[in-house]
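Spelled out from the first residue to the last, the chains are:
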Amino acid sequence: MAFVSPGFRGRRSEQRGGGLIPPGQHLVDDFPVLSAGPTPETPLDEWDFTVVDEAGATAARWTWDELRALPAEQPTVDIHCVTSWSKLGTAWEGVSVDTLLDDVETSADFAVAFCDGDYTTNLPLEDLIDGRAWVVWGYEGDPLEPEHGGPARLLVPHLYFWKSAKWLRGLRLTDEDEPGFWEGLGYHNYGDPWREQRYWGD
Amino acid sequence: MVATLDETPTVRTLSLRVPDWPGHLPGQHVDIRLTAPDGYTAQRGYSIATPANGERIDVTVERLEDGEVSPYLNGELVVGDQIELRGPIGGYFVWEPSRGGPVLLVAGGTGVVPLMAMVRERARRASTVPVRLLLSARTFADLVYRDELDRLAAADDGFSVTYALTRGAPAGWTGHRRRVDEAMLAEIAWPVEAGAQTFVCGSTPFVEAVTSGLVALGHPAASIRTERYGAAGAS
Amino acid sequence: MTSDPHYLDGNALGGLLGEVFAADLTTATATCAGCGSVAPVAVMHVYVDAPGAVGRCATCGIVHVRVVQSAERTWLDLRGIRALEMPRLPPPTSPPRP
């Protein structure tokens, strides 16, 4: 029998009834900060968001002010981190990725989200559209804090939260699937929390 | 676990008997892993507070309010319970008397734990290598091992200890009453020409501040070894 | 590099690397594949609050090592270290000659 520490539960709060959480997850009251490096600090007047098409051309670009002028939504979603914590009903503000891709002509099937600090994550393009993803700059009514990915991060709540890339600077559309920072080292290429797709081979 | 000792209201030393323990060097640590009945695991590193002593190792644990592991180790575990650990780990942040000196040890809060293993080994071997310890803590009650440190310093010309309290001092306090800064380091550190080995342990911000202070005073960065405990208050 | 309050030293990877390599790597010296600086593994800036652990060069910040562990498997990427140098273990002592 594997070793068990009697009475150990960790920091996990009691499971609340009502909201469904995926298998192997538990609810938390705080908002854990997970980071693979120092918090980037790009000044807003040097910041931009670009969409790069599969030929490598800049298909669309917004400065910070231009991005903030786009029609904004306030999605309230459940988020699930692969390290097993989940938060229900988190409130965000940002622009739908559908809006960002409105004028972009592409036949690409995949995308890579790229960020300050060199983090990347890959997704099928269809998981970024049809109301499934946003680029967000607000959390719970306040500007998104740097430690949580501010000024702007990707929000893709139907996949594990490592796909909701922090310090987002753009989307690169690709014909081939290109595994990102964690997908290239053991984390599942797709990452559906409801099928517990945490690691390669899951 | 074979014994416990409460060092302060929030800090407890756990004495562990580890069958087939291979021994360790002062400054090394162990990783302790806890497993809940449903398989959930959490793991943290803890410095060993005592020099090698057969199967016996002591770890000193501060209970953090929002800690994952420390509330269990310092609060739930009782004598007779078993825990899983691996080690000893870390050949870099170690010192024992044969490595010579002089030595400067700078500790923030429970960062004193691995440095205490070094101090205790030095005392056990009746070494005369000169060692100075600067221990910073929030309040008088947070000075872990204070009695033992005072006794060792009183009995031994080669070992001295200086305290700094950052959040209030008792009446008659003769130690420092502020955060460790360059001026305080200038008073306590060995002269640069002495070529001292320095070991700094505590929260990451504490280690950063002390290291840059010593470097600003002219001490070579390569002579300073650090063990960071993460953000202030993190386990 | 920005100063961040939450990274640790390479000591923090000592247990994990020791498990994978059956050796203490914290005293091994690593040559950075990015800037060429040489330093003990113990000096790396290590981020453990992530889906995996990441160790970065203390001089230039590039990723030296990434580690992901599930309950059963470890994945390791050391490409950010161009060369790793460590002392060899002494050979096992042979029995005394008669």
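Keep in mind it's a predicted model, so treat the numbers as computed, not measured.

1. A closer look at the overall build of chain A
Working step 1: Secondary structure summary: chain A contains 2 helices and 11 strands in total.
Working step 2: Counted from the first residue to the last, chain A has its helices and strands arranged as β-β-β-α-β-β-α-β-β-β-β-β-β.
Working step 3: Relative to its length of 202 residues, chain A is compact, with a C-alpha radius of gyration of 17 Å against a globular reference of 17 Å.
Working step 4: Across its three principal directions, the C-alpha atoms of chain A cover 55 × 35 × 35 Å.
Working step 5: Across the 202 residues that make up chain A, the buried fraction comes to 36%.
Working step 6: Taking the contacts inside chain A whose residues are at least 6 apart along the sequence as the reference set, 62% of them involve residues at least 24 apart.

2. A look at the overall build of chain C
Working step 1: What chain C contains, in helices and strands, is 1 helix and 7 strands.
Working step 2: Secondary structure of chain C in N-to-C order comes out as α-β-β-β-β-β-β-β.
Working step 3: Counting across all 98 residues of chain C, residues that qualify as buried make up 45%.
Working step 4: Within chain C, contacts between residues separated by at least 24 positions form 46% of all contacts whose residues are at least 6 apart in sequence.

3. Overview of the nonpolar core
Working step 1: Membership of the largest hydrophobic core comes to 132 residues, with the highest contact counts inside it found for A:Val135, B:Val59, B:Leu105, B:Leu115, B:Leu133, B:Leu135 and C:Val46.
Working step 2: The greatest single-element share of this core, amounting to 7 residues, is contributed by helix 2 (residues 112-124) of chain B.
Working step 3: Apart from the residues within four sequence positions on either side, B:Val59 is in contact with B:Leu14, B:Leu16, B:Val30, B:Tyr46, B:Ile48 and B:Ala49.

4. Remarks on the confidence of the model for chain C
Working step 1: Of the residues in chain C, 88% have a pLDDT of 70 or more, and the chain-wide mean is 87.
Working step 2: Scoring the predicted complex yields pTM 0.85 and, for the interface, ipTM 0.81.

5. A closer look at helix 2 of chain B
All names here are of chain B.
Working step 1: The terminal C-alpha atoms of helix 2 lie 18 Å apart, and with 13 residues this matches the ideal 18 Å at 1.5 Å per residue to within 8%.
Working step 2: Most of helix 2 sits out of view: 10 of its 13 residues are buried.
Working step 3: All of the buried residues along helix 2 are Val112, Val113, Pro114, Leu115, Met116, Ala117, Met118, Val119, Glu121 and Arg122.

6. Let's talk about the pairing of strand 2 (residues 48-52) of chain A
Across a regular strand the side chains alternate sides, sitting on one face of the sheet and then on the other.
Residues and elements named next belong to chain A.
Working step 1: Note that strand 2 and strand 3 (residues 58-63) share 5 bridges and pair antiparallel. Bridging across to strand 3, Thr50 finds its partner in Arg61.
Working step 2: Between strand 2 and strand 3, which pair antiparallel and follow one another directly, the connecting turn spans 5 residues, one of which, Gly56, has a positive phi of 90°.

7. Thoughts on the environment of B:Thr10
Residue and element names in this part refer to chain B.
Working step 1: As for its placement among the helices and strands, Thr10 is situated in the loop between strand 1 (3-8) and strand 2 (11-17).
Working step 2: In this structure Thr10 comes out as partly exposed when scored by C-beta crowding, with 18 C-beta atoms within 10 Å.
Working step 3: C-alpha of Thr10 to C-alpha of Ile188: the two residues are 178 residues apart in sequence and 28 Å apart in space.
Working step 4: Excluding residues that lie within four positions of it along the chain, Thr10 makes contacts with Glu62 and Arg63.

8. Things to note about the interface of chain A and chain B
Working step 1: At the interface, 9 residues of chain A touch 12 residues of chain B.
Working step 2: The class makeup of the residues in the side of chain A that touches chain B is 4 nonpolar, 3 polar and 2 charged.

9. Remarks on the pairing of strand 8 (residues 131-137) of chain B
Residues and elements named next belong to chain B.
Working step 1: Burial runs high along strand 8: 7 of the 7 residues are buried.
Working step 2: Burial along strand 8 is two-sided: the face carrying Val131, Leu133, Leu135 and Ala137 and the face carrying Arg132, Leu134 and Ser136 are both buried.
Working step 3: Chirality of the crossover, the property in question, places the unit of strand 7 (residues 103-108), helix 2 and strand 8 among those that are right-handed.
Working step 4: Note that strand 8 and strand 9 (residues 159-165) share 7 bridges and pair parallel.

10. Points about the environment of A:Arg198
Working step 1: Secondary-structure assignment places A:Arg198 in the segment after strand 11 (168-174).
Working step 2: Sequence separation between A:Arg198 and A:Gly186 is 12 residues; the distance between their C-alpha atoms is 8.5 Å.

11. Quick notes on the sheet that holds strand 6 (residues 110-115) of chain A
Two orientations exist for strands paired in a sheet by backbone hydrogen bonds: parallel and antiparallel.
Residue and element names in this part refer to chain A.
Working step 1: Read from one edge to the other, the open sheet built from 5 strands follows the order 3-2-11-6-7, with strand pairing classed as mixed. Pairing within the sheet leaves two strands with one partner each, and these edge strands are strand 3 and strand 7 (120-124). On average, adjacent strands in this sheet sit at an angle of 15° to one another, irrespective of strand direction.

12. Considering helix 5 (residues 204-216) of chain B
Residue pairs spaced three or four apart in an α-helix point in one direction, given the helix's 3.6 residues per turn.
Residue and element names in this part refer to chain B.
Working step 1: For helix 5, with 13 residues, the first-to-last C-alpha span of 18 Å sits near the 18 Å given by 1.5 Å per residue.
Working step 2: Turning to helix 5, its buried residues are Thr204, Phe206, Val207, Val210, Gly213 and Leu214.
Working step 3: As for helix 5, its buried residues are in contact with strand 7, helix 4 (182-188), strand 10 (197-202) and strand 11 (224-228).
Working step 4: Note on helix 5: the residue one or two positions beyond its end, Gly218, has a positive phi of about 105°.

13. Considerations on the environment of A:Gly150
All names here are of chain A.
Working step 1: Take Gly150: it is sitting in the loop between strand 9 (142-143) and strand 10 (153-155).
Working step 2: Take Gly150: there are 19 C-beta atoms within 10 Å of it, and that puts it in the partly exposed class.
Working step 3: Between the C-alpha atom of Gly150 and that of Trp167, which follows or precedes it by 17 residues, the distance is 5.9 Å.

14. Some points on the sheet that holds strand 2 (residues 38-40) of chain C
Residue and element names in this part refer to chain C.
Working step 1: With antiparallel pairing, the 3 strands of this open sheet are ordered in space as 2-1-7. Two strands lie at the open edges of the sheet, namely strand 2 and strand 7 (81-85), each paired on one side alone. Averaged over all neighbouring strand pairs, the angle between strand axes comes to 25°, with direction disregarded.
Working step 2: Here 4 bridges tie strand 1 (residues 29-32) to strand 7, and the two strands are oriented antiparallel to one another. Bridge assignment links Ala30 to a residue of strand 7, and that residue is Leu84.

The rules behind these values
Residues numbered from 1 in each chain as written. Chains lettered and ligands numbered in written order. Predicted model: local features only at pLDDT ≥ 70, side-chain atom pairs only at ≥ 80, totals over all residues. Helix = DSSP H or I, 4+ residues; strand = E, 2+ residues; numbered from the N terminus. Rg over C-alpha atoms; globule rule 2.2 N^0.38 Å. Buried ≥ 20, exposed ≤ 12 C-beta atoms within 10 Å, placed from the backbone. Contact = placed C-beta atoms within 7 Å. Core = buried A, V, L, I, M, F, W, Y, C linked by C-beta atoms within 7 Å. pLDDT = per-residue confidence, 0-100. Expected span 1.5 Å × (residues − 1). Pairing = 2+ DSSP bridges. Nonpolar A, V, L, I, M, F, W, Y, C, P; charged D, E, K, R; others polar. Right-handed = clockwise from strand over helix to strand, strands pointing away. Axes fitted to C-alpha atoms, helices over the stretch in contact; angles between N-to-C directions.

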